[in-house]
Amino acid sequence: MCGRYAVSQSADDLADEFGVDNAEVRERLDPDWNVAPSKQVYAVVTRGKKDEPEVPPTRRLRTLRWGLVPSWAKDLSIGNKLINARVETAAEKPAFRKAFAARRCILPADGFYEWRGEKGDKQPFFIHPKDGSLAMAGLYEIWRDKSKPEDADDAFVWSVVILTTDATDDVGQIHDRMPMLVEPDHWERWLDPANTDADDVTALLSPAVPGILDAYPVSTDVNKVGNNGPHLVEPVDL
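The rules behind each value
Residues numbered from 1 in each chain as written. Predicted model: local features only at pLDDT ≥ 70, side-chain atom pairs only at ≥ 80, totals over all residues. Heavy atoms only, no water. Salt bridge = Lys/Arg side-chain N within 4 Å of Asp/Glu carboxyl O. Buried < 20%, exposed > 50% of the residue type's maximum accessible area, 1.4 Å probe, protein only. Disulfide = S-S within 2.5 Å. Helix = DSSP H or I, 4+ residues; strand = E, 2+ residues; numbered from the N terminus. Polar contact = N/O pair within 3.5 Å; in protein donor to acceptor, adjacent residues only side chain to side chain. Contact = heavy atoms within 4.5 Å. Phe/Tyr/Trp six-rings, centres within 6.5 Å; stacked < 30°, edge-to-face > 60°. Lys NZ or Arg CZ within 6 Å of the ring centre and 35° of its normal. Pairing = 2+ DSSP bridges. Axes fitted to C-alpha atoms, helices over the stretch in contact; angles between N-to-C directions. Core = buried A, V, L, I, M, F, W, Y, C linked by side-chain atoms within 4.5 Å.

**Considerations on the pattern of salt bridges**
Tallied over the full model, the rule gives eight salt bridges. Here aspartate 32 ties to lysine 39 by a salt bridge, and the two come within 2.9 Å at their closest N and O atoms. In this structure, lysine 148 and aspartate 145 form a salt bridge, with 3.7 Å as the shortest nitrogen-oxygen distance. Using a relative accessible area of 29% as the deciding quantity, one classes lysine 148 as partly exposed. The network of salt bridges with shared partners includes Glu88, Asp166 and Arg177.

**Describing the state of the cysteines**
With the rule as written, the count across this model stands at zero disulfides. The cysteine cysteine 2 is free of any disulfide, with cysteine 105 supplying the nearest cysteine sulfur at 13 Å. A relative accessible area of 0% means that cysteine 105 is categorised as buried.

**Quick word on the side chain of asparagine 34**
Mapped onto the fold, asparagine 34 is located in strand S2 (residues 32–35). On the accessibility criterion, asparagine 34 (0% relative accessible area) is buried. A distance of 2.9 Å separates a polar side-chain atom of asparagine 34 from the backbone oxygen of asparagine 227. Beyond its immediate chain neighbours, meaning those up to four positions away, asparagine 34 contacts Arg4, Tyr5, Lys39, Val222, Lys224, Val225, Asn227, Asn228 and Leu232.

**A word on the packing of aromatic side chains**
Across all of its chains, the model carries seven aromatic pairs by this definition. Taking the centre distance of 5.7 Å and the plane angle of 5° together, the rings of tyrosine 140 and tryptophan 158 count as stacked. Of this pair, tyrosine 140 sits in strand S9 (residues 134–144) while tryptophan 158 sits in strand S10 (residues 156–166); the two residues are 18 residues apart in sequence, bridging distant segments of the chain. Across this residue pair, the class does not change: tyrosine 140 and tryptophan 158 are buried. One aromatic cluster is present, formed by Tyr113, Trp115, Phe126 and Tyr216 through successive ring pairs. Between the NZ or CZ atom of arginine 62 and the centre of the ring of tryptophan 158, over which it lies, the distance is 3.5 Å. Positioned above the aromatic ring of phenylalanine 156 is the side chain of arginine 144, whose terminal nitrogen or guanidinium carbon lies 5.5 Å from the ring centre.

**Digging into the sheet that holds strand S7 (residues 111–116)**
Overall, antiparallel pairing links the five strands, which are arranged S2-S1-S7-S8-S14 in an open sheet. The sheet terminates laterally at S2 and strand S14 (213–217), the two strands that pair on one side only. This sheet shows a mean twist of 25° between the axes of neighbouring strands, independent of strand direction.

**Things to note about the nonpolar core**
Judged by nonpolar contacts, the single largest core of 61 residues is most densely connected at Tyr5, Phe96, Ile106, Leu139, Leu163 and Trp190. Among the elements that make up this core, the one with the highest residue count is S9 (six residues). Leaving out residues up to four positions away in the same chain, leucine 163 has contacts with Ala85, Val87, Ala90, Phe100, Ala137, Gly138, Leu139, Met178, Pro179, Met180, Trp190 and Leu205. Ala6, Tyr216, Val222 and Leu232 belong to the second largest nonpolar core, which has 10 residues in total.

**Overview of unusual backbone geometry**
Trans peptide bonds make up the majority, and among non-glycine residues the majority have a negative phi. Phi at serine 38 is positive, roughly 85°, even though this residue is not glycine. The residue serine 38 is located in the loop between S2 and strand S3 (40–47) in this model.

**Some details on the pairing of strand S8 (residues 123–129)**
Counting buried positions along S8 gives seven out of seven residues, so the element sits mostly inside the fold. Neither face of S8 is open: one carries Gln123, Phe125, Ile127 and Pro129, the other Pro124, Phe126 and His128, and all of them are buried. From the end of S7 to the start of S8, which pair antiparallel, there are six residues, and glycine 117 there has a positive phi angle of about 130°. Two strands pair when backbone bridges link them, and S8 and S14 are joined in this way by five bridges, in the antiparallel orientation. Within S14, the residue paired with phenylalanine 125 across the bridge is proline 217.

Next comes the structure, spelled out in structure tokens:
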């Protein structure tokens, strides 16, 4: 499971790193060292324009709500439960299969948090690449809020879920699941909405290669969503 992560880079920096053609970001997000479900997060997507079908799809940077809201949902509340999706079953699950076929994205991150220990006495760890950023695999949906006029700014809610897999040795000692990653050579094919072959799409994903991640204990301040700041990712002594 991935329930918290950190993103300190700006929209412009992420656009450069992920080769974004159009930084379609209505809201510029502040650096966030305690990203939690229901928050707005940056995501890299490839999309065309409905009113200009002749124009090839372009890679864009958008803000999405973390917690997937399927198109058939009655309200936003279901998103509070759909923050992670198991990659082993996402292509078949009703909540994820349509998004898995054509609405895939990348969620940039400095790293993510996991907890180890008994309930009530769990120690948080920050898990991050030794070099560069994480490109976490995600799926997104666009939900129509029928209680609002179609031309309202918030009539359509874009939401996202993180795909997870079995943890590698670097992370397995802390938690048995971790985010699935997309390597740079696979970004284009993963994001391509025309690529709808489930087996091919799944083959583009990979767990982190053993040895590329570092994990260390951090302050329990991260346990409270209201706490934020770079001190949350600083190592602490146990």
